[in-house]
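# Secondary and tertiary structure notes
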Amino acid sequence: MHGRVWTEFEVQQPASKVWEIYGTLKLATLILQKLPQYAEKIEFDGDGGVGTVLTVTFSNGTRGFGTLKESFVVIDDEKRVKVAEVSEGGFLDQGITSYRTTLEIAEKEGGSSIIRSSIDFEVDDENASKTPAITTAGLTLIAKMVAEHLAERDGEKKGPVDA
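The chain appears in an unreviewed UniProt entry as Bet v I/Major latex protein domain-containing protein from Aristolochia fimbriata. Entered under Sequence similarities (unreviewed entry) in the UniProt record, the comment concerning the chain runs "Belongs to the BetVI family."

Structural data, given as structure tokens:
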């Protein structure tokens, strides 16, 4: 069985500034600095390009995960798209057979942008009824954190767009 969840988050920053974070290992560094309640340690093997492997050690109690390994399988600086695929741990330890995250930063008129985040996953039919809830809540939290970081860094009042 295939599943997909996605979300969009508008940011009052140009896509190029948002991609400076999302398109690089700066995102991992910010997660450690600003969201330590979720990630205790992130190690990487690679320069941040395609083939880079991240090993994430979650903070105690974060959805019952210990660690996960994910690889960057697509990084397109022109289209501002990054795709990461989990190879060990995380939801793979809970019956999911494939787990892939896609992050896309789209320019909007007026200098703002949209962070589009999606998760595609596969689960075999035998485990379909036991599939854990997969949501975009973590990706939305990261998007909000990046927006706030950019606003603070640039000394602007341009964080998330109020709904």
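### Some points on the pattern of salt bridges
For the coordinates displayed, the defined rule picks out seven salt bridges. When the shortest N-O distance is used, the salt bridge between R153 and E20 registers 3.7 Å. Placement of the pair is R153 in helix 3 (residues 137-153) and E20 in helix 1 (residues 15-22), with a sequence separation of 133 residues. The class for R153 is partly exposed, based on a relative accessible area of 40%. You can call E20 partly exposed: its relative accessible area is 35%. K34 is the partner of E152 in a salt bridge, and the nearest nitrogen-oxygen pair spans 3.2 Å. A residue pair is termed long-range when its members are at least 10 positions apart, and E152 in helix 3 and K34 in helix 2 (residues 26-34) qualify at 118 residues.

### Examining the pairing of strand 4 (residues 67-76)
As paired strands, strand 3 (residues 53-58) and strand 4 are joined by five bridges and run antiparallel to one another. Counterpart to V53 in the pairing with strand 4 is S71. In terms of strand pairing, strand 4 meets strand 5 (residues 81-89) through eight bridges, oriented antiparallel. Looking across to strand 5, one finds that S71 is bridged to E85.

### Quick notes on the sheet that holds strand 7 (residues 113-123)
With antiparallel pairing, the seven strands of this open sheet are ordered in space as 1-7-6-5-4-3-2. Of all strands in the sheet, those bounded by a partner on one side alone are strand 1 (2-11) and strand 2 (39-45). In this sheet, neighbouring strand axes are inclined to one another by 20° on average, regardless of whether the strands run parallel or antiparallel. Sheet topology places strand 1 next to strand 7; ten bridges connect them, and they run antiparallel. Its bridge partner lying in strand 7, W6 is registered against S118. Here helix 1 sits on the sheet and contacts strand 1, strand 4, strand 5, strand 6 (96-107) and strand 7; the angle it forms with strand 6, its principal contact strand, is near 150°.

### Points about helix 3
Taking 1.5 Å per residue, 17 residues should reach 24 Å; helix 3 reaches 24 Å between its end C-alpha atoms and fits that length. Three or more residues of helix 3 are buried, namely L139, I142, A143, M145, V146, A147, H149, L150 and A151. Residues of helix 3 that are buried make contact with strand 1, helix 1, helix 2, strand 6 and strand 7. Of the residues trailing helix 3, G155 is marked for its positive phi of about 65°.

### Let's talk about the packing of helix 1 against helix 3
Viewed as axis vectors pointing N to C, helix 1 and helix 3 meet at an angle of 115°, and their least axial separation amounts to 11 Å. Helix 3 is crossed by helix 1, and the crossing has right-handed handedness. Facing helix 1, whose interface residues are K17, V18, E20, I21 and Y22, helix 3 presents L139, I142, A143, V146, H149, L150 and R153. Of the residues assigned to the contact of helix 1 with helix 3, the class counts are eight nonpolar, one polar and three charged.

The rules behind the values
Residues numbered from 1 in each chain as written. Predicted model: local features only at pLDDT ≥ 70, side-chain atom pairs only at ≥ 80, totals over all residues. Heavy atoms only, no water. UniProt positions renumbered as here; feature names shortened; annotations may be inferred. Salt bridge = Lys/Arg side-chain N within 4 Å of Asp/Glu carboxyl O. Helix = DSSP H or I, 4+ residues; strand = E, 2+ residues; numbered from the N terminus. Buried < 20%, exposed > 50% of the residue type's maximum accessible area, 1.4 Å probe, protein only. Pairing = 2+ DSSP bridges. Axes fitted to C-alpha atoms, helices over the stretch in contact; angles between N-to-C directions. Contact = heavy atoms within 4.5 Å. Expected span 1.5 Å × (residues − 1). Left-handed = near helix turned anticlockwise from the far one by under 90°. Nonpolar A, V, L, I, M, F, W, Y, C, P; charged D, E, K, R; others polar.

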